[in-house]
Amino acid sequence: MNVFDSDSGVMMKFDNSLDLVSELQEHIEQVLKIPVASQVLLVGGGTALSPSQRVSAYSAGSDTNPIFLYNKQYYVYPSNTAPFKLTVVDSGPELMDLHAEMDESLVLEDTTDSIFFRSYLASSFYEMAEKSMQACKRLIDEQHLQHQGFKAMIDNIQNKVSTANSSAVTFLSMLQEFLENKSHYLQLTDSLQDVAATLATIPLLPSLVEQVPQDPMTSIASCKDIEGQRDNMSLLDWLQPYISSDSVHQLSQTCTKGLQQYNEEMVSNIQTLLTNLETNFGNKAMRSIGGISARFSGLEKLLNDVDQIVQEQEDLTDVSSCRSNVDWKFENKQSSK
């Protein structure tokens, strides 16, 4: 399973036995020390991996279509940076220093040994060229993967912005409807004291007293008290075992305070937030990397030029090898005579 660390540009391989996304996240935390809460795993198209899902459900993880890993710590806290050991540019394979051998080959006499030595040098140069070209290809592939990861992140943000807009429109519609009826709701809360006063004037109904013992919230003692005083009790008195004496007033205050929190300013703030979100994300400079197409085109051209040079080096190596073999056979033939 291939996971591409988009912050450091490094491809990592994990065991395919990691079944659930949550298992993969725990393994990443063990290996890279990135807390699960800070991990964002994306696939092409911007879909975020759900911890409860199987990794195989996302049809990703190949070397050309990996899972993209982002560490939220680098974005929530801009002062944090990727570890330097992960950001060091790969300089390619360690190559031999053939300067001394090259200088020596230039002063050799024209002998068979000289041809063999120069053939060996040609072969060494070709091997070095081949290794360097493969390293260049890998670095270019990683840049392509970083760009793919960037596009996956942008697609993910686009999906979230669309979802946020849709949810905000629904919420604002409900909020606007609420504000239109806010005065009515405030009147209801103000009338709670009047309701309590009305309840105090209504005598206790006998049917309620009969149902009291069936209520598990009422004690036996309170039931006897009610039965003994029911002739002089009101509905408000009957409710007292369930509510405190100040609860009606507190409920009225709490409701009024809560209702006052919702106003036209809140609607304006949400609309401003949405406008800023759409404006910022609508900026092409945020959703694309300037000059990336030209960069990749230039890299591909350079890689094609290198490929031609390596091919020429291989051809020269083959010619040199053939010539050394011919000279070796001719020398052996002359020696036999």
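About the criteria used
Residues numbered from 1 in each chain as written. Predicted model: local features only at pLDDT ≥ 70, side-chain atom pairs only at ≥ 80, totals over all residues. Heavy atoms only, no water. Helix = DSSP H or I, 4+ residues; strand = E, 2+ residues; numbered from the N terminus. Buried < 20%, exposed > 50% of the residue type's maximum accessible area, 1.4 Å probe, protein only. Contact = heavy atoms within 4.5 Å. Areas by Shrake-Rupley, 256 points an atom, 1.4 Å probe, with all protein chains shown as cover. Salt bridge = Lys/Arg side-chain N within 4 Å of Asp/Glu carboxyl O. Axes fitted to C-alpha atoms, helices over the stretch in contact; angles between N-to-C directions. Parallel < 35°, antiparallel > 145°, perpendicular 65-115°, else oblique. Left-handed = near helix turned anticlockwise from the far one by under 90°. Arc of directions from axis to C-beta. Nonpolar A, V, L, I, M, F, W, Y, C, P; charged D, E, K, R; others polar.

### Considerations on the overall build of the protein chain
Secondary structure summary: the protein chain contains 14 helices and four strands in total. Considering the protein chain as a whole, with its 337 residues, one finds that 28% of them fall into the buried category. For the protein chain, the share of sequence-separated contacts (at least 6 apart) that also reach a separation of at least 24 residues comes to 73%. Element-wise, carbon and sulfur atoms account for 55% of the exposed surface of the protein chain, whose accessible area totals about 22100 Å².

### Points about the side chain of S6
The residue S6 is located in the loop between strand 1 (2–5) and strand 2 (10–13) in this model. Judged by relative accessible area, S6 falls into the buried class, the value being 10%. Non-local contacts of S6, meaning those with residues more than four positions away in its chain, are made with F68, L69, Y70, Q146 and G149.

### A short note on the pattern of salt bridges
Applying the stated rule across the entire model yields two salt bridges. The salt bridge partner of R54 is D19, with a shortest N-O separation of 2.2 Å. Highlighted residues: R54 in the loop between strand 3 (39–42) and strand 4 (67–71) and D19 in the loop between strand 2 and helix 1 (21–32), separated in sequence by 35 residues. With a shortest N-O distance of 3.4 Å, D305 and K301 are connected by a salt bridge. In this pair, D305 and K301 are both assigned in helix 14 (residues 292–336), four residues apart and thus about one turn of the helix distant.

### A look at the packing of helix 6 (residues 182–190) against helix 11 (residues 247–260)
Direction vectors running N to C along helix 6 and helix 11 enclose 165°, while the axes themselves pass 9 Å from each other. Here helix 6 is positioned roughly antiparallel relative to helix 11, judged by the angle of their axes. Here helix 6 runs over helix 11; the crossing is left-handed. For the pair helix 6 and helix 11, contact is made by K182, Y185, L186, T189 and D190 and by S252, C255, T256, L259 and Q260, respectively.

### Section: helix 6
Listing the buried residues of helix 6 in full gives K182, L186 and T189. Taken around the axis of helix 6, the buried residues stretch over an arc of 60°, which confines them to a single face. In this structure, the buried residues of helix 6 make contact with helix 5 (112–180), helix 7 (192–201) and helix 11.

### With respect to unusual backbone geometry
Within the chain, K33 stands out as a residue other than glycine whose phi angle is a positive 60°. Within the secondary structure, K33 is located in the loop between helix 1 and strand 3. The class for K33 is exposed, based on a relative accessible area of 65%.

### Describing the packing of helix 5 against helix 12 (residues 264–282)
Running from N to C, helix 5 and helix 12 point in directions that differ by 160°, and their axes come no closer than 11 Å. Looking at the two axes, helix 5 sits roughly antiparallel to helix 12. Viewed along their axes, helix 5 and helix 12 form a crossing whose handedness is left-handed. Taken together, the residues of helix 12 that come into contact with helix 5 (itself represented by I154, I157, Q158, V161, A164, N165, A168, F171, L172, L175, Q176 and L179) are E264, M266, V267, I270, Q271, L274, L277, E278 and F281. Here the contact of helix 5 with helix 12 is composed, by residue class, of 15 nonpolar, four polar and two charged.

### A closer look at the environment of A197
Mapped onto the elements of the fold, A197 is located in helix 7. Each C-alpha atom, one on A197 and one on L236, is 8.2 Å from the other, the two residues being 39 residues apart in sequence.

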